[in-house]
Amino acid sequence: MTIITVSILVTQITKNTFNKNNPNLDVVVGAKGSPLQLILSTIHHIDIPTGNISYKNALNIIKHPAIRSGTPISLGDNFQNFRIVGTSKNILKLYNANLKVGKVWEKPMQSIIGYNVANYTQLKMNKFFVGSHGLIDTGDVHAEQPYKVVGILNKTGTILDNLILTSLDSVWRLHSNETNSKTVNSNSKLEVTALLLKYKNKSSVFSFPRLINKNTNMQAASPSYEISKLFKLTGDAHMIVNYLSILIISLSFIGILFSLLNNINDRKYDLAILRTLGFTKRRVFSLILIEGMSISLLGSIFGIIIGCTTYISIQHFSLIGRNMISLQFDFVFNLFAVWLIVMVASFLTCLIPCIKVYKQNIRSILLNS
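Residues numbered from 1 in each chain as written. Predicted model: local features only at pLDDT ≥ 70, side-chain atom pairs only at ≥ 80, totals over all residues. Heavy atoms only, no water.

(A) Here's a closer look at the packing of aromatic side chains. Within the structure shown, the criterion is met by eight aromatic pairs. Between tyrosine 199 and phenylalanine 208, the aromatic rings sit 5.8 Å apart at their centres with planes inclined by 75°, giving edge-to-face as the arrangement. One exposure class covers both tyrosine 199 and phenylalanine 208, and it is buried. Taken together, the ring pairs connect Phe79, Phe129 and Tyr147 into an aromatic cluster. In this structure, lysine 281 packs its charged tip against the face of tyrosine 358, placed 5.4 Å from the ring centre. Taking the ring centre of phenylalanine 279 as reference, the NZ or CZ of arginine 283 above it sits at 4.2 Å. (Phe/Tyr/Trp six-rings, centres within 6.5 Å; stacked < 30°, edge-to-face > 60°. Buried < 20%, exposed > 50% of the residue type's maximum accessible area, 1.4 Å probe, protein only. Lys NZ or Arg CZ within 6 Å of the ring centre and 35° of its normal.)

Okay, here's the thing in structure tokens:
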């Protein structure tokens, strides 16, 4: 039950996480490389980016007739393993995010932080912090230009809860060592990591990616398509875990069966004495059934508790786990269905020793004893 519980939790919550992290984006444009890596790094923030693209080219793509809206993002730094994302204010509309306190950035080096970031790091309004270079905390900090927290987001249940958002100017200023915002904004060599795009109409899904992939040094990747491919790749692994769980539970049933049979064989004289004292066949039958079902019930509940504890530990202590969205209860039905199947199978298993007890000949047992 522990293995099944962890498997169901990981499968269901991972699917919910991937679905909620994508705010109905149609395509992501970034540097050439793995399309799946581009999607994981820019939408779900669990991989490294494929590279950078020209901001000038990005603006031209946003103005394309097929595009309804575009949100540039720029990655490269983190604070205590939470990614600092340079972007536009449009990202808040994408995720329907609202501020709990404070305001959206107005100047470079101002930032707003997600709900989980505020809880894990204890950052508060008007506090300063310095980012570390890279997407994992390495200790190489940009101490010369700290960020200031000017806003904290309400819980959204999306990846936004785990991000620190700031302006593109802040990221450019920090990595170009420029102190003049006009100089930064006029620099034609500015780069961003990717563009998060929505189409004006769905017919562009066939023509626009081909246009980008063939005619530019960039690539266009579909979030839904790439994540569906990922689930197909990992589907076999989940099936193996499920088969392993079925095998272990089957062995557990066999263990319970032989345990009860041996127990009955050792206690057959005692059970026969109970019969002579007035216990009916049905009552003895019920005693053995309750004994077997108690083992199954307590064992399965204990397994579920250990499974949930294991998952929570993975989520709390791993970087990937932090990006997974918890408190999703869609898996409860599946878990209950599996538990119900286990209990029915346990009941059928326990019937075998119960029937044996029911058919015992008391006279021959007492004479032999």
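Now that the structure has been shown, we can carry on.
(B) Representation of the environment of asparagine 98. Inspection of the secondary structure puts asparagine 98 in the loop between α4 (90–94) and β5 (99–102). Note: C-alpha distance between asparagine 98 and isoleucine 152 (54 residues apart in sequence) is 8.8 Å. When residues no more than four places from it in sequence are discounted, the contact partners of asparagine 98 are Leu153 and Asn154. (Helix = DSSP H or I, 4+ residues; strand = E, 2+ residues; numbered from the N terminus. Contact = heavy atoms within 4.5 Å.)

(C) Representation of the pairing of strand β9 (residues 147–153). Of all seven residues in β9, six are buried, a share of seventy percent or more. In the sheet, β5 pairs with β9 via three bridges, with the strands oriented antiparallel. Residue leucine 99 lies in a different strand from β9, and its bridge partner there is leucine 153. Examined bridge by bridge, strand β6 (residues 110–113) and β9 share four bridges and lie parallel to one another. Across the sheet, glutamine 110 pairs through a bridge with lysine 148, a residue of β9. The sheet contact formed by strand β7 (residues 128–129) and β9 spans two bridges and is antiparallel. Bridge pairing in β9 links phenylalanine 129 to tyrosine 147. (Pairing = 2+ DSSP bridges.)

Keep in mind these values describe shape, not function.
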